[in-house]
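A closer look at the structure
Single-letter residue listing:
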Amino acid sequence: MIDNNILDSLSKNQLIELLNIYSKNLIAMDGVWFQAVEKSIGMDNAMNYDCEVWKIFSVVEAKRIKEFLKLDDKPGLIGLEKALNYRYNSSVNSYDIKYIDNSLIYRIIDCRVQTARKRKNMEYHPCKSAGIIEYSEFAKTIDDRIECECLSCFPDIKDKTCCCSWKFTLKK
């Protein structure tokens, strides 16, 4: 039997480096999977599958992060802010979070997915439809009172200073 406690022997810096590798690997796996489906059945059909994947994955991810952070049942926007910092891609995508008029604004400044597609001379991933599902489901799982609105996301870019932008508001 193999002892898989190998992580116990790693330093903090090695663990951080490994976390970044795992994050990049997960993004790469998602991209490779999506590109294979896109090549096989076309962008529109691939997006349908992508939306289904994000509907499930976002809930699973949010539940695990919520438990890890020991967030209350209804932690509000402060809890969502904490949880967004622990998403699978948070260590490898640059982003910012700010509050405007009682809403949380989350912007991904540099997106590894879009950067990779650009590098491969591919058209940008039309991620708005999947992003709406991804961020809405994640936020609702953290606190079911939170609503999500897309401010800017390909192909509907309204803010050229970032790759995408999302607004989260606590329902009254």
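Here we summarise the structure given alongside this text.

Some points on the packing of aromatic side chains
This structure, assessed with the given rule, holds 10 aromatic pairs. Taking 5.8 Å as the distance between ring centres and 50° as the angle between the ring planes, the aromatic pair formed by Tyr106 and Tyr135 counts as tilted. Here Tyr106 is found in strand E2 (residues 103–110), whereas its partner Tyr135 is found in helix H5 (residues 128–142), with 29 residues between them in sequence. In terms of burial, Tyr106 and Tyr135 fall into one category: buried. Taken together through their ring pairs, the aromatic side chains of Tyr95, Tyr106, Tyr135, Trp166 and Phe168 make up a single cluster. Taking NZ or CZ as reference, Arg87 lies 4.7 Å from the ring centre of Phe138, over its face.

Observations concerning the pattern of salt bridges
This model, assessed by the stated rule, comprises 12 salt bridges. A salt bridge links Asp144 to Lys74, with the nearest nitrogen and oxygen atoms 2.5 Å apart. Residue Asp144 is found in the loop between H5 and strand E3 (146–153), and its partner Lys74 is found in the loop between helix H2 (43–69) and helix H3 (76–84); the two are separated by 70 residues along the sequence. Taking the relative accessible area as the measure of exposure, Asp144 reaches 46% and is therefore partly exposed. Between Glu137 and Lys140 there is a salt bridge; the shortest N-O distance is 3.2 Å. Here Glu137 and its partner Lys140 are both found in helix H5, three residues apart, which amounts to about one turn of the helix.

Details of the side chain of Thr141
On the secondary structure map, Thr141 appears in helix H5. On the accessibility criterion, Thr141 (18% relative accessible area) is buried. One polar contact links the side chain of Thr141 to the main-chain carbonyl oxygen of Glu137, over a distance of 2.7 Å. In contact with Thr141, other than residues within four places in its own chain, are Val59, Ala62, Lys63 and Lys66.

Rules and cut-offs
Residues numbered from 1 in each chain as written. Predicted model: local features only at pLDDT ≥ 70, side-chain atom pairs only at ≥ 80, totals over all residues. Heavy atoms only, no water. Phe/Tyr/Trp six-rings, centres within 6.5 Å; stacked < 30°, edge-to-face > 60°. Helix = DSSP H or I, 4+ residues; strand = E, 2+ residues; numbered from the N terminus. Buried < 20%, exposed > 50% of the residue type's maximum accessible area, 1.4 Å probe, protein only. Lys NZ or Arg CZ within 6 Å of the ring centre and 35° of its normal. Salt bridge = Lys/Arg side-chain N within 4 Å of Asp/Glu carboxyl O. Polar contact = N/O pair within 3.5 Å; in protein donor to acceptor, adjacent residues only side chain to side chain. Contact = heavy atoms within 4.5 Å.

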